[in-house]
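# Overview (structure and organization)
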Amino acid sequence: MAGEPKECAQVLGHLLPKRQCRRSPWLCLPKSTSSGGESLRTVSGPGTGWSSAECGKTSGRPPCCAVPHPCLPGFYGLEEADLDKVFRLPTTTFIGGSESALTLREIIRRLEMAYCQHIGVEFMFINDLEQCQWIRQKFEKPGVMQFTLDEKRTLLARMVRSTRFEEFLQRKWSSEKRFGLEGCEALIPALKTIIDKSSENGVESVIMGMPHRGRLNVLANVIRKELEQIFCQFDSKLEAADEGSGDVKYHLGMYHRRINRVTDRHITLSLMANPSHLEAVDPVVQGKTKAEQFYCGDSDGKRVMSILLHGDAAFAGQGIVYETFHLSDLPSYTTHGTIHVVVNNQIGFTTDPRMARSSPYPTDVARVVNAPIFHVNADDPEAVMYVCNVAAEWRATFHKDVVVDLVSYRRNGHNEMDEPMFTQPLMYKQIKKQKPVLQKYAEKLIAEGAVNRQEYEEEVAKYDKICEEAYNRSKDEKILHIKHWLDSPWPDFFTLDGQPKSMSCPSTGLNEEMLSHIGQVASSVPVEDFTIHGGLTRILKGRAMMVQNRSVDWALGEYMALGSLLKEGIHVRLSGQDVERGTFSHRHHVLHDQNVDKQTCIPMNYVDPNQAPYTVCNSSLSEYGVLGFELGFAMASPNALVLWEAQFGDFHNTAQCIIDQFISPGQAKWVRQNGIVLLLPHGMEGMGPEHSSARPERFLQMCNDDPDIFPKITEDFAVRQLYDCNWIVVNCSTPANYFHVLRRQILLPFRKPLIIFTPKSLLRHPEAKSGFDHMLPGTHFRRLIPEEGSASQNSAGVKRLIFCTGKVYYDLTKERKTRGLEDTVAISRIEQLSPFPFDLVKAEAEKYPQAQLLWCQEEHKNQGYYDYVKPRISRTFNNTRPVWYAGREPAAAPATGNKKAHLVELERFLDTAFNPDAFQDQF
């Protein structure tokens, strides 16, 4: 063509995606061709970019491009003759390489090579030009997909290990569930590539989370768990050495520090244990990653990173994925970029994608945080390797999330015992014809001359021999040690055999000088020229007055506990919705300048020059994701107090999966201790069914102590009980006891989750205060606070002993005083509900041999604590002393929404509690 080349900006602008086209030729997948709605688009044939096991054929392009489309030249009136015209390339594309002008035919060819082969790229929704151009360069530049001979041979060796591992398990245990990786064997080299490139970029620790599919393979070939330890898990005669339930082999985690053979650098790999609840582990991984970054001073995520694996159905279907993504760029939650790898089997158990999601792709949820999405044909290992290198480089460059979508298939059913032909007959007929990816890739390299057949067969035989030798060694394993599968070890905290270094807890009290000092910090603004709200000035003056009077309210008691731990070098992290101020405007740990935008002050960080840092952060409006995150944060170190506070205790049930699957049974399943603290505001105060109850009955129902066994009382009974329990449940009635239980959480020689039902009205109740004398050296948390009034001096004359917990104590004492029954009715507070203080309850009740025993609660009878405490109190006395009930009647809802009805209910159960004839007709 004569003359100057034409400007290509207009024409190329149509061919390159200015916005993400939902049906763009480099992304659209073929529509179903079967009447049943099945489609398999997983492994591409030459030039299609998609699947060689497709239900429907393509001829160079996906079928949807057979009609005029905005992304095709014909749509813009261009003809065949125009294809040979030369156009000058704009600076926004990299397809020219060193050339500045190309024919339109070559432009289209190069675009198709970049975007219409085995890789599909979603990135044009990203509102950052630099990031978009970075991605364009990685995929448009000619020759980017070239690999060295060594890289190809390493990739083949990794494919051999991935494939032969699954085949070995299938030969040895054909009738066992293992949730194999067949159909997406490229996952193993994908992960190893990400780790290699990240190690090259300076990453020293990788925390991973994944579902069950392919987990054993990842443990063996990525984490490098000893093969014999994996194989012995299939032995049904293997005995458990650890207490607790243990867990199935495809849920277990692992921690391993090793040399990366590619970079010759040390790297620590941790695969988190997880339940069958898909995606539940996502925020837990992020929390642990954040903690490790925090403890090693990795403020930009260059040394510690996370990798999350997902299934396509769960990634699209589970809301926790969205919650976790929305933590990714929050200052107190960001891990500076996570690499997400989706094993896209294009099926969820038996459900087709068309029934499983409304979005075009399972990865569309990632678009909300501007994460680029790289779709890649998992039957092209080299394309997978390239995409994973780009993903790792993206994370190292921009410290943002990225998604790799391994478009693959599942060769077997949901598990090895499942028959997929029942529901996807056409898909699985096609899959049965599918040549395994290892065979295809080996044939490709042999044809290229990169390896010869003998070398390939020797590599296969070498790994088969490794597996066989490990299998023979596994027969010698007679005992299963779950602690060998620990994903978060604390080697310096326990003895060498994993036991506590003692079975005692020192006093949790503080000297008066320390209490006064922290109180002064809590009542001051330690920054000059900082203007606080007038109402807050009054609050701080009130705190100063309390310190002067040697007393604390709830907020100040909390301040004393957290501030003292910080001074002792313990990091404290308090997270949740509105925790900085506190839901009930009582805490005020973050002060805001009234004249300068975004200028804040955290007095707690001014307790001592050498203190540990204090993190207090309002979270996103999420319970499931944030509680999981904090649980993960607490896993990283035992020397930190990590607290999550619900806005109201009622809302914890949207995080029930974390509570049920991780917090309550975590140690029993995975021999993994955790000291997380849950602060759950609770109390019947006429605020309606959703702002009243933290559902204590649910936490108590999950406690592992036996109500029918009165324990042996020993000198270390109180601490031994705590060690044996799965979690601790308390409802404190005084600021001093709240202070002590928070400090005890750290001073114990082991870690257990702590559930605290915290007050609302007691935050400002004039009687809910504690003197310094209850917080001095020698004082402890009081598991039970006995009657200390005049009734305790008249034990023989006491007619009724009321046991209660929490706020209702103040209602009871007020009513008792009104009725003039201080001498004849004793009221005892059970502050620690679980593990149950059998010894103290027994001693308290024996003081009053003539008294009726009564449990009083403000909750409804089928809720609250009654069903937990009654059998334990009864067992204390071998069922010889009946335990009566005073409280609200059974109900479906936790509380009434009518204020008058609330007061009537309160009056009624208080009358029952003090009416001497209330139970006469029940004898």
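Keep in mind that what you see is a predicted model, and the values were worked out from it rather than measured. (Residues numbered from 1 in each chain as written. Predicted model: local features only at pLDDT ≥ 70, side-chain atom pairs only at ≥ 80, totals over all residues. Heavy atoms only, no water.)

### Thoughts on the sheet that holds strand E5 (residues 205-209)
Two modes of strand pairing occur in sheets, parallel and antiparallel, and in both the strands are linked by backbone hydrogen bonds. Pairing is mixed in the open sheet, where eight strands are placed in the order E4-E11-E12-E10-E9-E5-E8-E7. Each edge of the open sheet carries a strand with a single partner, namely strand E4 (119-122) and strand E7 (254-260). Strand-to-strand, the axes of this sheet are offset by a mean angle of 20°, without reference to chain direction. Here strand E10 (residues 338-344) runs beside strand E12 (residues 402-407); their pairing, made up of six bridges, is parallel. Note on E12: the bridge partner recorded for Asn344 is Val407. Set on the sheet, helix H5 (residues 187-200) makes contact with E5, E7, strand E8 (265-271), strand E9 (304-311), E10 and E12; between it and E9 the angle comes to about 165°. (Pairing = 2+ DSSP bridges. Helix = DSSP H or I, 4+ residues; strand = E, 2+ residues; numbered from the N terminus. Axes fitted to C-alpha atoms, helices over the stretch in contact; angles between N-to-C directions. Contact = heavy atoms within 4.5 Å.)

### Some remarks on the sheet that holds strand E22 (residues 754-758)
One open sheet holds the seven strands; their spatial order is E18-E15-E19-E20-E22-E21-E27, and the pairing between them is mixed. Both outer strands of the open sheet, strand E18 (614-618) and strand E27 (832-834), are each paired with one neighbouring strand and no more. Across the sheet, the mean angle from the axis of one strand to that of its neighbour is 20°, orientation sign disregarded. Here strand E19 (residues 640-645) runs beside strand E20 (residues 677-681); their pairing, made up of three bridges, is parallel. Across the sheet, the residue bridging to Trp644 is Leu678, located in E20.

### Structural notes on the packing of helix H17 (residues 534-548) against helix H18 (residues 554-567)
Close contact between H17 and H18 brings their axes to 11 Å; oriented N to C, the two are set at 70°. In terms of orientation, H17 lies roughly perpendicular with respect to H18. When H17 is examined against H18, the residues Arg543, Met546 and Val547 are found in contact with a partner set consisting of Ala555, Leu556 and Tyr559. Here the contact of H17 with H18 is built from residues that sort into five nonpolar, no polar and one charged. (Parallel < 35°, antiparallel > 145°, perpendicular 65-115°, else oblique. Nonpolar A, V, L, I, M, F, W, Y, C, P; charged D, E, K, R; others polar.)

### A few points about the UniProt feature "domain: Transketolase-like pyrimidine-binding" (unreviewed entry) in the chain
The positions UniProt marks with the feature "domain: Transketolase-like pyrimidine-binding" (unreviewed entry) are residues 552-765. Secondary structure content for residues 552-765 is 31% helix and 16% strand, while the C-alpha to C-alpha distance between its ends is 12 Å. (UniProt positions renumbered as here; feature names shortened; annotations may be inferred.)

### Regarding the environment of Gly789
Looking at where Gly789 falls in the secondary structure, it is placed in the loop between strand E24 (784-785) and strand E25 (800-804). For Gly789, a relative accessible area of 29% translates into the label partly exposed. Along the backbone, Gly789 and Ile827 are 38 residues apart, and their C-alpha atoms lie at a distance of 9.0 Å. (Buried < 20%, exposed > 50% of the residue type's maximum accessible area, 1.4 Å probe, protein only.)

### What to know about unusual backbone geometry
Look at the link from Ser834 to Pro835: it is a cis peptide, with omega at 0°. Positionally, Pro835 belongs in the loop between E27 and helix H26 (838-847). A positive phi angle is found at Asp264, which is not glycine, with a value near 60°. Structurally, the position occupied by Asp264 is in the loop between E7 and E8.

### Considerations on the packing of aromatic side chains
Counted by the stated rule, this structure contains 34 aromatic pairs. Ring plane angle 75° and centroid distance 5.4 Å describe the contact between Phe294 and Tyr295, whose orientation is recorded as edge-to-face. By relative accessible area, Tyr295 is classed as partly exposed at 34%. Put simply, the rings of Phe165, Phe168, Trp173, Phe231, Phe234 and Tyr471 pair up and form one aromatic cluster. Here the basic side chain of Arg872 rests over the ring of Tyr868, its NZ or CZ set 3.6 Å away from the ring centre. (Phe/Tyr/Trp six-rings, centres within 6.5 Å; stacked < 30°, edge-to-face > 60°. Lys NZ or Arg CZ within 6 Å of the ring centre and 35° of its normal.)

### Observations regarding the packing of H18 against helix H24 (residues 735-747)
Two numbers describe how H18 lies on H24: the axes approach to 8 Å, and their chain directions differ by 25°. Judged by the angle between their axes, H18 and H24 are roughly parallel. Considering the relative orientation of H18 and H24, their crossing is right-handed. From H18, Trp554, Gly557, Glu558, Met560, Ala561, Leu562, Ser564 and Leu565 reach across to H24, where they touch Pro735, Tyr738, Phe739, Leu742, Arg743 and Ile746. Each residue belonging to the contact of H18 with H24 can be placed in one class, and the counts come to 10 nonpolar, two polar and two charged. (Left-handed = near helix turned anticlockwise from the far one by under 90°.)

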